[in-house]
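# Chains, contacts and geometry: an overview
Below, each chain spelled out in residue letters.
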Amino acid sequence: MSGRGETHSAAREADANANGGDTRARTRTRTRLGRCFAKLKQQQRAGLVTFITAGDPDLKTAAKILRGMPQAGADLIELGMPFSDPMADGAAIQAANLRALKAGMTLTKTLQMVQQFRAHDAHTPVVLMGYYNPIYRYGNQRFLDDAMRAGVDGLIIVDLPPEEDDELCHPALTAGLHWIRLLTPTTDAARMAKVLRHSSGFVYHVAIAGITGTGSAKQSELKKAVAKIRRHTALPIAVGFGIKTPADVTATAKIADAVVVGSAIIERIADGVAKGENGDAVAAQAHAFVRGLAGG
Amino acid sequence: MNAPPEPEPIESYRAGPDPHGRFGIFGGRFVAETLMPLVLEVERAYHQHRADPDFQREFDYYARDYIGRPSPLYFAERLSAELGGAKIYFKRDELNHTGAHKINNTLGQILLAKRMGKRRIIAETGAGQHGVATATVCALFNLPCVVYMGATDIKRQAPNVFRMKLLGAEVLPVTSGTATLKDAMNEALRDWVANVEDTFYIIGTVAGPHPYPQMVRDFQTVIGVEARRQLLERENTLPNLLVACIGGGSNAIGLFHPFLDDKTVRMVGVEAAGRGLQSGAHAASLAGGKPGVLHGNRTYLLQDEDGQIQDAHSISAGLDYPGIGPEHSWLFETGRAEYVAVTDDEALAAFQLCCRTEGIIPALEPAHALAHVGKVAPRMAREQIILMNLCGRGDKDVFAVAEALGIPL
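Cut-off values and rules
- Residue positions are given per chain, counted from 1 along the sequence in the order it is written.
- Think of it this way: whatever chain is written first is A, whatever ligand is written first is 1, and the rest follow in order.
- This being a predicted model, a pLDDT of at least 70 is required before a residue's local features are given, and a value of 80 or more before pairs of side-chain atoms are given or counted; all residues contribute to the totals for chains, interfaces and linings.
- Each side-chain value is worked out from all heavy atoms of the structure, with water and hydrogens disregarded.
- Runs of E in the DSSP output that reach at least two residues are strands. Runs of H or I that reach at least four are helices, and both are numbered from the N terminus.
- As defined in this context, the radius of gyration uses C-alpha atoms, and a globule is described by 2.2 Å times the residue total to the power 0.38.
- Partly exposed residues are those whose accessible area sits between 20% and 50% of the maximum for their type, while under 20% is buried and over 50% is exposed, using a 1.4 Å probe and protein chains only.
- By definition, residues are in contact when any of their heavy atoms lie within 4.5 Å.
- Computed with the Shrake-Rupley method and a 1.4 Å probe, the accessible areas treat only the protein chains shown as cover for residues.
- Accessible area that two parts lose when put together, with a 1.4 Å probe and added across both, is what the buried area reports.
- For this analysis, a salt bridge means a side-chain nitrogen from Lys or Arg found within 4 Å of a carboxyl oxygen belonging to Asp or Glu.
- What qualifies as a polar contact is a pair of N or O atoms within 3.5 Å, subject to a donor-acceptor requirement within protein and to the restriction that residues adjacent in sequence count only when both atoms come from side chains.
- Ten residues, namely Ala, Val, Leu, Ile, Met, Phe, Trp, Tyr, Cys and Pro, are considered nonpolar, four, namely Asp, Glu, Lys and Arg, are considered charged, and the remaining ones, Gly among them, are considered polar.
- Only the stretch in contact is used when a helix axis is fitted, and all axes are lines through C-alpha atoms; the angle between N-to-C directions ranges over 0 to 180 degrees.
- Our angle categories are set so that under 35 degrees counts as roughly parallel, over 145 as roughly antiparallel, 65 to 115 as roughly perpendicular, and the remainder as oblique.
- Helix crossings are classified by the rotation of the near helix relative to the far one: an anticlockwise turn of less than a right angle makes the crossing left-handed, while a clockwise turn makes it right-handed.
- In this scheme, strands are said to pair when DSSP sees at least two bridges between them.
- Between the rings of Phe, Tyr and Trp (Trp by its six-membered ring), a pair exists once the centres lie within 6.5 Å; its type follows the angle of the planes, with under 30 degrees stacked, over 60 edge-to-face, and the other angles tilted.
- Look at NZ for Lys and CZ for Arg. If either is within 6 Å of the ring centre and within 35 degrees of the ring normal, a charge sits over the ring.
- This arc corresponds to the set of directions leading from the helix axis out to the C-beta atoms.
- Convention used here: a crossover is right-handed provided that the path from the first strand, over the helix, to the second strand proceeds clockwise when the strands point away from the viewer.

## Describing the overall build of chain A
Within chain A, the secondary structure is distributed over 14 helices and 9 strands. For a compact globule of 296 residues, the expected C-alpha radius of gyration is about 19 Å, and chain A comes in at 18 Å, within 12% of that figure. Judged by the C-alpha coordinates and their principal axes, chain A covers about 55 × 45 × 35 Å. In chain A, buried positions account for 61% of the 296 residues. Contacts in chain A between residues at least 24 apart in sequence constitute 71% of all its contacts with a sequence separation of at least 6. Working note: accessible area of chain A is about 11,300 Å², and carbon and sulfur atoms make up 50% of it.

Encoded structure:
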């Protein structure tokens, strides 16, 4: 357990970001996430962030999909923690959550899945995304300790806005995890400062006011939104929601530092499951799709 | 761990929520960032308008001339004699227009929506009572209305679905999750996220993110404020015991809240024990749940060890929710209110008792409250007073009751 005295770099970066301090550049490369974005910058390209739900369609297949993601072209992985009531998600990810839960997925197994991935891959950042209740039930501090131990790099908790920062945001930063927040088209300038205040790692801009797997934003609007965020933070900006095709990825990559694809990958997994394909085939299709997104 | 902090001495039980929307550790604003600006806007608007005497005047006008308030306070003399103990009074909110207390809240929220310039109303419904109450005020104020309802519930509650359609509402079936009330609420939240500009979400119970638990409570306290005044006029004393059924808990908090600082008044909320607390098929969030976070607030929830929300069961569709309003969780933990659970069978027996002794067909929801009254009234003295909220009438339930009693119609 990490006490106040041994604040890790993620938290320090968040502080630096909040204060606009000059330690920012120095601390940025100290975490796996920081190094990932530094490398992308060096290569002058946007990163590809792939989202899958842990345990979808079953633990074994999901582990296989996760393991092959970096080779397929994922620079960063978002791993969904299944929840029975994913309020901010559309039909595809809702179904993925239920498939995973039906197959017996739990938060404990999600953390184990990350740990096993880490045994093979020490570089690709893994960010857990989900809803607060399973974590709250697990026990906040116990979760943070276990997530650190498993090799998790950051958290995106959909239903913990800045108003509830005392719950998990501050403890997570203290534990050494990045706290990644969503900015949305409804976030105005006054609110943006509040949302960015304890953000670390990167900022996730939700391109549309809506749920995952639905409409897409106009490139012109997206450009304006990203430019607005850049005026408020030096953190890398990832853009997600409504990005489905290689063409979407290419277009968004011109604007953002990273591009998130979720529902479209999940739909490939669901297709394979619906056709009764085995785990290897399902994983292979997901990887082929990601290779297409990554540009070959 | 998530242990609650040391409680501070409580001066008033009516002061909550705090500025963060908390009742103790319960409540809060656990919603996605897309919704936060809206939730804050509703909060600002609510505090502004509720302080406006015109808003209260408009509410009172429609409450009187449209809903039919004040609802009577009725001494259930035959029932009291039958049970042979305390005097039992019914607060007759089943006589409201649309047949339940739900419309007190939908009236208040649509007046707010109108003042906020919103042009579209959405709501969730389980049994359809809140959906009907929302569709009703939408017709009254000429606003388009979309009601989300679980596909399973749509099948079970065909008459209410038809009522909503007659009133001009669009009823959208929800097939996600378990296709019941909690999923309807998820879907309404998804709609709200996607239609942030023009839409107002009328939540049907004292749940959801702050300010909803407070706002819905405030609109429902008309029940307790009237009842307190009526009983003082009639008996020149306060009741010894308040009893109300609890799904999300809006009728109960509406009755309890004006009495919370009356130290001599005990209050009991009655949850639905379904087929029994041990059966796993129940809706008793306090008796069988644990604190958690869902639908924007922290409260007691039916959930498994992994924090996955479990389905509720009750013969009464209106109690069929896996959570409970956060203020009830706080009243439970502080001990100010007590909470018990009553089974489907006990509620069915009380339902019939009420029909027979009082000539009132109650909804299955308050039949739960009545079942508890039946247990405690005989043990109380004749001069003691029980005040029970008869929050809905049972026309909607006759088919379900007939089926449960094995009587073909």
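Additional details are given in the paragraphs that follow.
## Re the interface of chain B and chain A
If you look at the interface, chain B gives 40 residues, while chain A gives 38 residues. Buried area between chain B and chain A, both sides added, is near 3,100 Å², and the carbon and sulfur share of it is 52%. Applying the counting criterion to the chain B and chain A interface returns 5 salt bridges. The residue Arg22 of chain B makes a salt bridge to Glu164 of chain A at a minimum N-O spacing of 2.4 Å. Connecting chain B to chain A are 19 residue pairs in polar contact (both at pLDDT 80 or more). Going through the elements one at a time, strand 2 (26-30), helix 1 (36-50), helix 8 (181-194), strand 11 (290-294) and strand 12 (296-301) of chain B are the ones with two or more residues in the side of chain B that touches chain A. Among the elements that take part in the side of chain B that touches chain A, helix 8 of chain B stands out by supplying 8 residues, more than any other. Classifying every residue of the side of chain B that touches chain A by side-chain character gives 17 nonpolar, 11 polar and 12 charged.

## Quick word on the packing of helix 4 (residues 59-72) of chain A against helix 14 (residues 279-293) of chain A
The relative placement of two packed helices is expressed as an angle between their axes plus a distance between the axes. Residue and element names in this part refer to chain A. One way to put it is that helix 4 packs onto helix 14 with a least axis distance of 9 Å and a crossing angle of 30°. As the angle between them shows, helix 4 and helix 14 are arranged roughly parallel. Handedness of the crossing formed by helix 4 with helix 14: right-handed. Between helix 4 and helix 14, the residues in contact are Thr61, Lys64, Ile65, Gly68, Met69 and Ala72 and Gly279, Asp280, Val282, Ala283, Ala286, His287, Val290 and Arg291, respectively. Residues that form the contact of helix 4 with helix 14 fall into these classes: 7 nonpolar, 4 polar and 3 charged.

## Things to note about the sheet that holds strand 2 of chain B
All names here are of chain B. Taken together, 4 strands build an open sheet; the order of strands is 1-2-12-11 and the sheet is antiparallel. Of all the strands in the sheet, just strand 1 (22-23) and strand 11 have a single pairing partner and so form its edges. Pairing analysis gives 2 bridges linking strand 2 to strand 12, with the strands arranged antiparallel. Among the inter-strand pairings, Phe30 is bridged to a residue of strand 12, identified as Gly296.

## Brief notes about the packing of aromatic side chains
Here the structure, examined in full by the defined rule, presents 20 aromatic pairs over all chains. Between Tyr62 of chain B and Phe141 of chain B, the aromatic rings sit 5.1 Å apart at their centres with planes inclined by 70°, giving edge-to-face as the arrangement. Note that Tyr62 of chain B is positioned in helix 2 (residues 53-67) and Phe141 of chain B in helix 5 (residues 129-141), a separation of 79 residues in sequence. We classify Phe141 of chain B as buried; its relative accessible area is 12%. For the pair Tyr74 of chain B and Phe90 of chain B, a centre-to-centre distance of 6.4 Å together with 40° between the ring planes defines the contact as tilted. One end of the pair, Tyr74 of chain B, is in strand 3 (residues 73-75); the other, Phe90 of chain B, is in strand 4 (residues 87-91), and 16 residues separate them in sequence. Grouped by ring-pair contacts, the aromatic residues Phe26, Tyr300, Phe332 and Tyr339 of chain B constitute a single cluster. Above the ring of Tyr138 of chain A, the side-chain terminus of Arg142 of chain A is found at 3.8 Å from the ring centroid. Here Lys87 of chain B stacks its cationic end above the ring of Phe75 of chain B, 5.1 Å away from the centre of that ring.

## Re the side chain of Asp75 of chain A
All names here are of chain A. Assignment of secondary structure puts Asp75 in the loop between helix 4 and strand 2 (76-80). Judged by relative accessible area, which is 12%, Asp75 ranks as buried. Within the structure, the side chain of Asp75 is placed 2.7 Å from the side chain of Arg45, a separation counted as a polar contact. A polar atom in the side chain of Asp75 sits 2.7 Å from the backbone nitrogen of Leu48. Apart from residues no more than four positions distant in its own chain, Asp75 is found in contact with Cys36, Leu40, Arg45, Ala46, Gly47, Leu48, Thr124 and Pro125.

## A closer look at helix 7 (residues 158-166) of chain B
Residues and elements named next belong to chain B. The set of residues buried in helix 7 consists of Asn160, Val161 and Met164. Along helix 7, the residues classed as buried sweep out an arc of 105° about the axis, all on the same side. The exposed set on the far side of helix 7, more than 90 degrees from its buried face, consists of Phe162 and Leu166. Against strand 5 (120-125), helix 5, strand 6 (145-150), helix 6 (151-156) and strand 7 (170-174) lie the buried residues of helix 7. Just beyond helix 7, the residue with positive phi is Gly168, at close to 95°.

## Overview of the environment of Gly254 of chain B
When you line up the elements, Gly254 of chain B lands in helix 10 (residues 250-256). Setting aside chain neighbours within four positions, we find Gly254 of chain B in contact with Gln220, Thr221, Ile223 and Gly224 of chain B.

## Points about the environment of Phe219 of chain B
Residue and element names in this part refer to chain B. Looking at the secondary structure, you find Phe219 in helix 9 (residues 212-235). In this structure, the C-alpha to C-alpha distance between Phe219 and Asn105, residues 114 residues apart in sequence, is 5.2 Å. When residues no more than four places from it in sequence are discounted, the contact partners of Phe219 are Tyr46, Phe55, Phe59, Asn104, Asn105, Gly108 and Gln109.

## Section: the pattern of salt bridges
Per the counting criterion, the structure on display carries 41 salt bridges over all chains. In this structure, Asp56 of chain A and Arg99 of chain A form a salt bridge, with 2.6 Å as the shortest nitrogen-oxygen distance. Of this pair, Asp56 of chain A sits in the loop between strand 1 (47-53) and helix 4 while Arg99 of chain A sits in helix 5 (residues 91-102), placing them 43 residues apart in sequence. Like Arg99 of chain A, Asp56 of chain A is buried. Between Glu58 of chain B and Lys114 of chain B there is a salt bridge whose closest N-O contact spans 3.4 Å. Pair noted here: Glu58 of chain B is in helix 2 and Lys114 of chain B is in helix 4 (residues 102-115), with a separation of 56 residues, a long-range link. On the basis of relative accessible area, Lys114 of chain B is assigned to the partly exposed category, the value being 37%. If you follow the salt bridges from partner to partner, you end up with Glu163, Arg191 and Lys194 of chain A together with Glu33 of chain B in one network.

## Observations regarding the pairing of strand 4 of chain B
Residues and elements named next belong to chain B. Across the 5 residues of strand 4, 4 count as buried, placing the element largely inside the fold. Pairing of strand 3 with strand 4, which is carried by 3 bridges, proceeds in the antiparallel orientation. Pairing of Phe75 across the sheet is with Tyr89, part of strand 4. Summarising the sheet, strand 4 and strand 14 (residues 385-389) pair through 5 bridges and their orientation is parallel. Looking at the pairing, Phe90 lines up with Met388 of strand 14.

## A short note on the pairing of strand 10 (residues 266-274) of chain B
All names here are of chain B. Strand 10 sits mainly inside the fold: 8 of its 9 residues count as buried. Note: strand 9 (residues 241-245) against strand 10, 5 bridges, orientation parallel. Each residue of the ladder has a partner; that of Leu242, found in strand 10, is Met267. A crossover links strand 9 with its parallel partner strand 10, the connecting element being helix 10, and its sense is right-handed. Note that strand 10 and strand 13 (residues 338-343) share 6 bridges and pair parallel. Bridge pairing in strand 13 places Val268 opposite Glu338.

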